[in-house]
Amino acid sequence: MITISKAPVHFTKQISRISLTPRFSSAVVSLNLGFGSKPKKGGGFFRLVWADDSGDMELLNKLSRGCFSNGLKKGQKVEVENVNGGEDIFDAASAEAEVQPQHLVVMVNGLVGSAEDWRYGAEQFVRRLPDKVIVHRSKVNTLRLTFDGVDCMGERLAEEVISVVKRWPGLHKISFVAHSLGGLVARYAIGRLYQLSTRVETTSQSECGSRSEANNSGHHPEQHYEARICGLEPVNFITFATPHLGSIGHKQLPLLCGLPFLEKSASQTAHWIAGRSGKHLFLTDEDEGKPPLLLQMVKDSDDLKFMSALRAFKRRVAYANANYDHVVGWRTSSIRRQHELPKSNLLMKNEKYPHILHIDHGIAEDINNKASSTVGTGVIDLEEEMIKGLTQVPWERIDVSFQKSTQRYVAHTTIQVKSYWLNSDGADVVQHMIDNFVI
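Predicted model, so just to flag it, every value in this text is computed and none were measured.

Rules used throughout
Residues numbered from 1 in each chain as written. Predicted model: local features only at pLDDT ≥ 70, side-chain atom pairs only at ≥ 80, totals over all residues. Heavy atoms only, no water. Pairing = 2+ DSSP bridges. Helix = DSSP H or I, 4+ residues; strand = E, 2+ residues; numbered from the N terminus. Axes fitted to C-alpha atoms, helices over the stretch in contact; angles between N-to-C directions. Contact = heavy atoms within 4.5 Å. Patch = residues over 30% accessible without salt bridge, like charges linked within 9 Å, V, L, I, M, F, W, Y side chains within 5 Å. Areas by Shrake-Rupley, 256 points an atom, 1.4 Å probe, with all protein chains shown as cover. Salt bridge = Lys/Arg side-chain N within 4 Å of Asp/Glu carboxyl O. Buried < 20%, exposed > 50% of the residue type's maximum accessible area, 1.4 Å probe, protein only. pLDDT = per-residue confidence, 0-100. Right-handed = clockwise from strand over helix to strand, strands pointing away.

(A) Region of the structure containing the sheet that holds strand 8 (residues 86-91). If you trace the nine strands from one edge of the open sheet to the other, you get 7-8-10-9-11-14-15-17-16, paired in mixed fashion. Each edge of the open sheet carries a strand with a single partner, namely strand 7 (78-83) and strand 16 (356-360). When the angles between neighbouring strand axes are averaged without regard to direction, this sheet yields 15°. Pairing geometry for strand 11 (residues 173-179) and strand 14 (residues 233-240), over six bridges, is parallel. Looking at strand 14, one finds that histidine 179 is bridged to phenylalanine 240. Sheet strands touched by helix 2 (residues 119-128): strand 7, strand 8, strand 9 (103-108), strand 10 (133-138) and strand 11. Its angle to strand 10, the strand with the most contacts, is close to 170°.

This is how it looks when you write it as structure tokens:
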């Protein structure tokens, strides 16, 4: 019998392995749950981790996680290390090798969410790219903490990322994957973490010509500046159903059915439910007389380089639900104007990714020449300014639909597979993200 939080749990099989490695300050216990004398491929195991620093005992892989058998290679072990502020997920063999994965993937939850929301996505990442990535599931903004506002959450996330990078000194690259409100939090955090790194290159005399003649060594040093996020090369910035333009306006919060009196009431009372985060989402914040925070986040400021940070990433990707997302509208999650949404005759059918409807690889807009057909009210003016700011850099827009799925009414969480039992139809969307992920 093993006792967890005073609740007895009984198992019919013996403990098959106990390991304590010097690399990690935790004991890992694997249990065979009765699938034969040897564990079958991809299933039959879960782990218990005892964290030395807190004394807590956490059940990491529950019995229901047998759903993660797809993609698990024979003998492969996905390890989870609990740390202050989050969880690091990695392939055990790669972590123990002399050359460890160099790419950090930071996964961020949305409103009233937790690190558990990205359990499926994180494990699929490591199983598909075991020697390439280390995944960190953020824990600093969970449940009620997600009411504190995008700025407070962004500051906490930035500090968390700094601690993760210090913990894995071999990292060279960084990417972000965020759901819903977490996408705004990640955008704020990268603005805080943005920095320019100086790289000095030495050019030979034949290449420099007369400029190197003054250099006695025959070489001419040249300085180059490279954009970095927390000292790492930024690669992918990916959001799922994120309200980039906020939740104010026609059908940006579909739950309100586009009814003007409901949308107006929601903007006035959002802070009662979601605190400062509600004010930020409905653009009703007026801190110290400044413009709404989401409007500030489409520009650089003296100490927060929001757009420079976005521009530094090789890819910016927005996955958006085209329908049945009752929390975040199609326009705000795909950063489009109403007339820019794809028509039904443009939607494709893909057997490998049955819920991917449309892919727009996007180009950066010329904000001086781009005309708007929607300007006329204060709300739309704000939205238009945010669109113009964010589309100074190109975005890949991936339109998703669960219209024919029995899980369509929970599309907002199905798109990220928050819980495999409830949201398994979103697995092809997660697979699409990983298949197109730039390493």
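(B) Spatial organisation of a nonpolar patch on the surface. Among the surface-exposed residues, Leu111, Val112 and Leu143 lie close enough to one another that they form a single nonpolar patch of about 240 Å² accessible area. Structurally, leucine 111 can be placed in the loop between strand 9 and helix 2. On the basis of relative accessible area, leucine 111 is assigned to the partly exposed category, the value being 34%.

(C) Local environment of the confidence of the model for the chain. For the chain, per-residue confidence averages 79 on the pLDDT scale, and 71% of positions sit at 70 or higher. Segment residues 371-376 is flagged for pLDDT under 50; beyond a separation of four residues in sequence, or across chains, it makes eight contacts in the model.

(D) Up close: the pattern of salt bridges. Applying the stated criterion to the full structure yields 21 salt bridges. A salt bridge links glutamate 155 to arginine 192; the shortest N-O distance between them is 2.6 Å. With glutamate 155 in helix 3 (residues 150-167) and arginine 192 in helix 4 (residues 181-193), this pair connects stretches of sequence that are 37 residues apart. For glutamate 155, a relative accessible area of 27% gives the class partly exposed. Residue classification places arginine 192 among the partly exposed positions, given a relative accessible area of 31%. One salt bridge in this structure joins aspartate 435 and lysine 352, with 3.3 Å as the shortest N-O distance. One end of the pair, aspartate 435, is in helix 13 (residues 427-435); the other, lysine 352, is in the loop between helix 9 (330-334) and strand 16, with 83 residues separating them in the sequence. Look at lysine 352 and you get partly exposed, because its relative accessible area is 47%. One salt-bridge network, in which partners are shared between bridges, spans Glu116, Arg119, Glu123 and Arg127.

(E) Broad picture of the pairing of strand 10. For strand 10, the buried fraction is high: six of the six residues fall into the buried class. Here strand 10 shows a buried face lined by Val133, Val135 and Arg137 and a second buried face lined by Ile134, His136 and Ser138. One ladder, built from five bridges, connects strand 9 with strand 10; its direction is parallel. The partner of histidine 103 across the bridge, within strand 10, is valine 133. Each parallel crossover has a hand, and the one from strand 9 via helix 2 to strand 10 is right-handed.

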